[in-house]
Amino acid sequence: MLASAVQFFLYETPKVLMLLTLVVFGVGIVRSFFTPERTRRILQGKRESAGNVLAALLGIVTPFCSCSAVPLFIGFVTTGIPLGVTFSFLIAAPMVNEIALVLLYGLFGWKIAAIYLSTGLLIAIVAGWTIGRLHMEKGIEDWVFETQLGEAGADERLDWAARVRAGLDAVKEIVGKVWPYVLAGIAVGAGIHGYVPENFMASIMGKGAWWSVPVAVLIGIPMYSNAAGIIPIVQAILEKGAALGTVLAFMMSVIALSLPEFVILRKVLKPRLIAVFIAVVGTGILLVGYLFNAII
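What you see is a predicted model, and the numbers here were worked out from it, not measured in a lab. (Residues numbered from 1 in each chain as written. Predicted model: local features only at pLDDT ≥ 70, side-chain atom pairs only at ≥ 80, totals over all residues. Heavy atoms only, no water.)

Caption draft 1: Spotlight on the packing of helix 7 (residues 110-134) against helix 13 (residues 244-256). Between helix 7 and helix 13, the least distance of the axes is 12 Å, while the angle of their chain directions is 55°. Judged on the interaxial angle alone, helix 13 and helix 7 are oblique. The hand of the helix 7/helix 13 crossing is right-handed. Mapping the contact onto sequence places Ile112, Ile115, Tyr116, Thr119, Gly120 and Ile123 in helix 7 and Leu244, Leu248, Met251, Met252 and Ile255 in helix 13. Classifying every residue of the contact of helix 7 with helix 13 gives 9 nonpolar, 2 polar and no charged. (Axes fitted to C-alpha atoms, helices over the stretch in contact; angles between N-to-C directions. Helix = DSSP H or I, 4+ residues; strand = E, 2+ residues; numbered from the N terminus. Parallel < 35°, antiparallel > 145°, perpendicular 65-115°, else oblique. Left-handed = near helix turned anticlockwise from the far one by under 90°. Contact = heavy atoms within 4.5 Å. Nonpolar A, V, L, I, M, F, W, Y, C, P; charged D, E, K, R; others polar.)

Caption draft 2: Structural context of the environment of Val85. Counting through the fold element by element, Val85 comes out in helix 5 (residues 83-95). Its relative accessible area of 2% is what places Val85 among the buried residues. Between the C-alpha atom of Val85 and that of Gly51, which follows or precedes it by 34 residues, the distance is 5.6 Å. (Buried < 20%, exposed > 50% of the residue type's maximum accessible area, 1.4 Å probe, protein only.)

Caption draft 3: Structural view of the side chain of Thr246. Tracing the backbone through its elements, the reader meets Thr246 in helix 13. Its relative accessible area of 0% is what places Thr246 among the buried residues. Within polar-contact distance, the side chain of Thr246 engages the side chain of Asn293 at 2.9 Å. (Polar contact = N/O pair within 3.5 Å; in protein donor to acceptor, adjacent residues only side chain to side chain.)

Caption draft 4: A look at a nonpolar patch on the surface. Residues Met1, Leu2, Val6, Leu10 and Tyr195 make up a contiguous nonpolar surface patch of roughly 550 Å² in combined accessible area. If you tally residues by element for the nonpolar patch, the top one is helix 1 (residues 2-31), at 3 residues. Among the structural elements, Met1 can be located in the segment before helix 1. When its relative accessible area of 64% is taken as the criterion, Met1 is described as exposed. (Patch = residues over 30% accessible without salt bridge, like charges linked within 9 Å, V, L, I, M, F, W, Y side chains within 5 Å. Areas by Shrake-Rupley, 256 points an atom, 1.4 Å probe, with all protein chains shown as cover. Salt bridge = Lys/Arg side-chain N within 4 Å of Asp/Glu carboxyl O.)

Purely spatial values, then, with no claim about function.
Below, the structure written as structure tokens:
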């Protein structure tokens, strides 16, 4: 068992770190085209239904983390972007993580990566549209509407040398921050791979247990991990016989329903709107889990 765990760790570590470095470099170049100010201007004035789709798509490629949630939210709301469109962006940006997408493609193939992409976008679009229909603008803290943001200046025109430097800077910043989480995730995955019996994981996260999907979501919410750190754990759990839908629900809950994000969003949202956000997104994740357990 120890040999199996060590083998998993030694084999996966260089592979995942290499994929992570290449992905972050590419993402850094792509993000140089999409500043938060440009994203705000793209979404401004769009019809709500089209805006939900566009916001979810832009959420994949634009810079977003829990730390930027507050200024992005304020910027969107104060420039007249509908609340539902704003939530489509806020949901898609962490949930459909481009790093997780490419890592899933590299480790599991295009089918699972496509499932992750399509279901994540669908949840972001439908959840944002649903929140928009509820007309919960009163759930935003009053001070947000009183905030005046200056007009963004002209976008800086970058040449390709500057964009490549942006990619290298992204590698230095992001990989430099997340590599301990990646190693921790691989270590947890190695422990699961080497020491957890296959029947055990199949019994608690398999298709036969109807309660496995909600339990997986509840377990995922308090976990604090980034997308790169959770992928090796997902890989090990799947290898031990867990159902794909249950594992997908677990991964999405870790990425999109994390407690640190709720704490930060509490600065701009009242508890009732946060509860609606959790309920709508959580329901979408549960449906995805049950759907893919049924068809795969």
